[in-house]
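Remarks on the overall topology
Next come the chains, spelled out residue by residue.
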Amino acid sequence: EAQVTQNPRYLITVTGKKLTVTCSQNMNHEYMSWYRQDPGLGLRQIYYSMNVEVTDKGDVPEGYKVSRKEKRNFPLILESPSPNQTSLYFCASSLIQGVDGYTFGSGTRLTVV
Amino acid sequence: AQSVTQLGSHVSVSEGALVLLRCNYSSSVPPYLFWYVQYPNQGLQLLLKYTSAATLVKGINGFEAEFKKSETSFHLTKPSAHMSDAAEYFCAVSVSQGGSEKLVFGKGTKLTVNP
């Protein structure tokens, strides 16, 4: 089944403890992206990647890192999480830039205390 | 900057009634437009997309949307609401910026279907 898989689905952590949210797609998509969803603010792009080793900042990149060493994987790294990063995170991928829209993962609900 | 505006953060309809969710876009070039649906505790699922072919686009679950350039609108409709349509709906526009690309989302409309 074609899908984007995120792990974990739920995570509670403490301020300052480094964490990684994994994202993997099995559709051979070149484009991958991370979004965060917050009440009243909708979805905002954090980072995206056009291909292996090519990444760029989105609208809200502060406090996040990404890497794209393999085409299928696009992990999101929070080096020192803070409470304002408590949010619902989505990974998404797309075959053709712009035209196809994105296939989204099921989301990761992160709580930083 | 290209953006979308969804009118009405909450819409409530009766089962069997017409569903109309409004989306207006701002774009200086012909846009790619999308509607997504999000069910509770799930990710976003693509309902339909407009990519400059037919102006009336049919999607999954009986939904359709009409691209109206003169009104800069891309409203989502369904003739007869079903209880299973209760969800949050997002309109989005694809924005290209100097080799980068992103989907810019509206703030969403939560649809309630009453029995």
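Here the structure is a predicted model, which means the values were calculated and not measured.

**Brief notes about the packing of aromatic side chains**
Aromatic rings considered in pairs are described by the distance between their centres and by the relative angle of their planes. Inspection of the entire model under this criterion finds 15 aromatic pairs over all chains. When the ring of B:Phe63 is compared with that of B:Tyr89, the centres are 5.5 Å apart and the planes differ by 45°; the resulting orientation is tilted. Residue B:Phe63 is located in the loop between β6 (56-58) and β7 (64-68), and its partner B:Tyr89 is located in strand β9 (residues 87-97); the two are separated by 26 residues in the primary sequence. B:Tyr89 matches B:Phe63 in its accessibility class, with the two residues each being buried. Aromatic rings pair up to connect A:Tyr35, A:Phe90, A:Tyr102, A:Phe104, B:Phe34, B:Tyr36, B:Phe90 and B:Phe105 into one cluster.

**Quick look at the nonpolar core**
Core analysis: the largest hydrophobic core is formed by 29 residues, its most contacted members being B:Trp35, B:Phe74, B:Leu76 and B:Tyr89. Breaking this core down by element, the ones donating at least two residues are β2 (10-14), β3 (19-26), β4 (32-38), β5 (44-50), β7, β8 (73-78), β9 and β11 (109-114) of chain B. Take this core: its biggest share by element is five residues, from β9(B). A:Leu19, A:Tyr47, A:Val60 and A:Leu78 belong to the second largest nonpolar core, which has 19 residues in total.

**What to know about the sheet that holds β3(B)**
Residue and element names in this part refer to chain B. Taken together, five strands build an open sheet; the order of strands is β1-β3-β8-β7-β6 and the sheet is antiparallel. On the outer flanks of this sheet lie β1 (3-7) and β6, each paired with one strand and no other. On average, adjacent strands in this sheet sit at an angle of 20° to one another, irrespective of strand direction. Where β7 lies against β8, five bridges are found, and the strand directions are antiparallel. Residue pairing in the sheet places Lys 68 in a bridge with Ser 73 of β8.

**A look at the interface of chain B and chain A**
The partner chain A presents 24 residues to the 21 residues of chain B that form the contact. When chain B packs against chain A, the two sides together hide about 1,800 Å² of surface, and 51% of this comes from carbon and sulfur. Viewed at the interface, chain A and chain B are joined by zero salt bridges. The interface formed by chain B and chain A contains four residue pairs in polar contact (both at pLDDT 80 or more). Among the secondary structure elements, those contributing two or more residues to the side of chain B that touches chain A are β4, β5, β9 and β10 (100-105) of chain B. The element that contributes the greatest number of residues to the side of chain B that touches chain A is β10(B), accounting for five residues.

Conventions and cut-offs
Residues numbered from 1 in each chain as written. Chains lettered and ligands numbered in written order. Predicted model: local features only at pLDDT ≥ 70, side-chain atom pairs only at ≥ 80, totals over all residues. Heavy atoms only, no water. Phe/Tyr/Trp six-rings, centres within 6.5 Å; stacked < 30°, edge-to-face > 60°. Helix = DSSP H or I, 4+ residues; strand = E, 2+ residues; numbered from the N terminus. Buried < 20%, exposed > 50% of the residue type's maximum accessible area, 1.4 Å probe, protein only. Core = buried A, V, L, I, M, F, W, Y, C linked by side-chain atoms within 4.5 Å. Pairing = 2+ DSSP bridges. Axes fitted to C-alpha atoms, helices over the stretch in contact; angles between N-to-C directions. Contact = heavy atoms within 4.5 Å. Buried area = accessible area lost by both parts, 1.4 Å probe. Salt bridge = Lys/Arg side-chain N within 4 Å of Asp/Glu carboxyl O. Polar contact = N/O pair within 3.5 Å; in protein donor to acceptor, adjacent residues only side chain to side chain.

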